[in-house]
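Residue-level listing of the chains:
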Amino acid sequence: MSEVGGNTPRTVGVVWGLLVLNTLGSAGAETLVPLPRSLIQLVTMGALVAAFALALVLNLRLRIRPSAYVLLLTLLLVPSVLSSLQLESGLGALFRCGRFALFVATLWLLSRWWDGSETFVRHHIRMYFAVLGSVAAGALLSPGAAMPELYGGRLVGALWPLTPPQIGQYAAVIIGLTVLLVLGRRTDRMSAAVIIVPSLVLLALTHTRTATIGLLLGLTLAIGSLVLTSAAARRFFTWTVVVAVVAGVGFAAALRAWFFRGQSQEYLTSLTGRAKVWDALLAAPRSTAEKAFGVGLGDKSFGGLPIDNSWLAVYHEQGLTGVVLVATIIIVLGGVALLRPPSLARACAIFLISYCAIASYTEAGLGDASPYLLHLAVAASLLATPAEGTALDKEPGTPLGTALDEPLAPPAAPAAPAAAAGPRRRRVPRWARDREVT
């Protein structure tokens, strides 16, 4: 079986792609070719089953690495199952628990190859860039379907049902990671431009404020962790500040119009109506068991409206126990990242952790199988202790399609010490030997 850097099988990238497909969801805009929701769910669930089966084949000996992140996700299954057994959310809650369990089990199997390298960062970028490629293709085929009036002219998925916040999230994450790879000289600028420029265009077309703010603040924190040790990071940070000031002054009106999306100040203050759902959720009467363990895994909605807040969604479905576990995940990953010495892996982890923490305020997903848990899984892989016998550095200018961390060449065997030479024997002429014999 072919392997890439860090002795990671290439098939691991396929498993990661299947996990990404599973977390794309089944709800969104109308597509050019109508896709029944049952068919989409069959594809996404089939992708998860295939990911688990393939990961099991790759790791038949069940070799796993200790991971506080995956352990906490495993513990999060406990309140999920306990609350779902009450069937307050219907039989679908138990189905979601099974999906979540299979998702966590696949991460356990993949943890064998978490070695602190950027291997999973590259898998992450490739897979989500492929998703964005389908969005761009849909926009080219039918601009009207890709930017419908139903979503206020914001970009949606016309080939696969994706909402503007989803597209904005995927674009923001791969932009941030690619920028960090360039600063760490793990890829060349041309390869990075192929990723960053189209993703920026798609992010702008989605008008997604959460993704944009998460990208900017996440990159600020990540680059800030490199400023003291990287001249490239210092230059990038300086130029970014200059460009941001110039853009803020010269394009203030356009930026304000993009940010407000034609909404009133009052509507924006209420977080586009989210605050009303949050107030109703917190005011709803709950039993002691519901406060502790929630009502079971559901579709992250309350009263038929999306909750759009990870913490309140976890509280609603997994109770205070789930909230404590999710908070522990963020604190543990963030604490480990802060304690590590400055490095590219640490900067990428800080970006992903901070992005998920920022987005959790207006997006749900930290309590169930979702792209956010995949982002944090990549962060956990970056913070893992490097395995022995693997290289963590790569020559500058590696394209994004090239694997990192190739195995170190075996050390040259030390030269055998020369045998101790005895005293040199004096050469005796032949005529002298004949005289001695006579």
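Below you will find a few notes about this structure. (Residues numbered from 1 in each chain as written. Predicted model: local features only at pLDDT ≥ 70, side-chain atom pairs only at ≥ 80, totals over all residues. Heavy atoms only, no water.)

**A look at the side chain of Arg-286**
With respect to the helices, strands and loops of the structure, Arg-286 is situated in the loop between α13 (274–283) and α14 (288–293). Despite being buried, Arg-286 has no salt bridge partner; Glu-290 is the closest side chain of opposite charge, sitting 5.1 Å away. Residue contacts for Arg-286: discarding those within four places in its chain leaves Leu-281, Lys-291, Val-295, Tyr-315 and His-316. (Helix = DSSP H or I, 4+ residues; strand = E, 2+ residues; numbered from the N terminus. Buried < 20%, exposed > 50% of the residue type's maximum accessible area, 1.4 Å probe, protein only. Lys, Arg positive; Asp, Glu negative; His and termini not counted. Salt bridge = Lys/Arg side-chain N within 4 Å of Asp/Glu carboxyl O. Contact = heavy atoms within 4.5 Å.)

**Description of the nonpolar core**
Among the nonpolar cores identified, the biggest contains 101 residues, and Trp-16, Tyr-69, Phe-100 and Phe-103 are the most heavily contacted of them. Not counting residues up to four positions away in its chain, the partners in contact with Trp-16 are Leu-107, Leu-110, Phe-120, His-123, His-124, Met-127, Leu-374, Ala-377 and Val-378. In this structure, Val-277, Trp-278, Leu-281 and Ile-307 belong to the second largest nonpolar core, which totals seven residues. (Core = buried A, V, L, I, M, F, W, Y, C linked by side-chain atoms within 4.5 Å.)

**As for the packing of helix α3 (residues 68–84) against helix α4 (residues 91–110)**
Direction vectors running N to C along α3 and α4 enclose 165°, while the axes themselves pass 10 Å from each other. The pairing of α3 with α4 is recorded here as roughly antiparallel in orientation. Crossing hand, α3 versus α4: left-handed. Between α3 and α4, the contacting residues are Tyr-69, Val-70, Leu-71, Leu-73, Thr-74, Leu-76, Leu-77, Ser-80, Val-81 and Ser-84 on the first element and Ala-93, Leu-94, Cys-97, Phe-100, Ala-101, Val-104, Leu-107 and Trp-108 on the second. Residue composition of the contact of α3 with α4, by class: 15 nonpolar, three polar and no charged. (Axes fitted to C-alpha atoms, helices over the stretch in contact; angles between N-to-C directions. Parallel < 35°, antiparallel > 145°, perpendicular 65-115°, else oblique. Left-handed = near helix turned anticlockwise from the far one by under 90°. Nonpolar A, V, L, I, M, F, W, Y, C, P; charged D, E, K, R; others polar.)

**Brief notes about the layout of surface pockets**
Empty space within the second largest pocket amounts to approximately 1,100 Å³. Taken together, 27 residues form the lining of the second largest pocket, with Thr-212, Leu-215, Leu-216, Thr-240 and Ala-244 sitting closest to its centre. For the lining of the second largest pocket, the secondary structure elements donating two or more residues are α7 (164–183), α8 (189–206), α9 (209–224), α10 (231–250) and α11 (252–260). Sorting elements by how many residues they give to the lining of the second largest pocket places α10 first, with nine residues. Looking at side-chain class alone, the lining of the second largest pocket contains 22 nonpolar, four polar and one charged residues. (1 Å grid on protein atoms, 1.4 Å probe; cavity = no way out; pocket = protein on both sides within 12 Å on 5 of 7 lines; lining within 4 Å. Points joined across faces, edges and corners; volume = space filled by probe spheres on them.)

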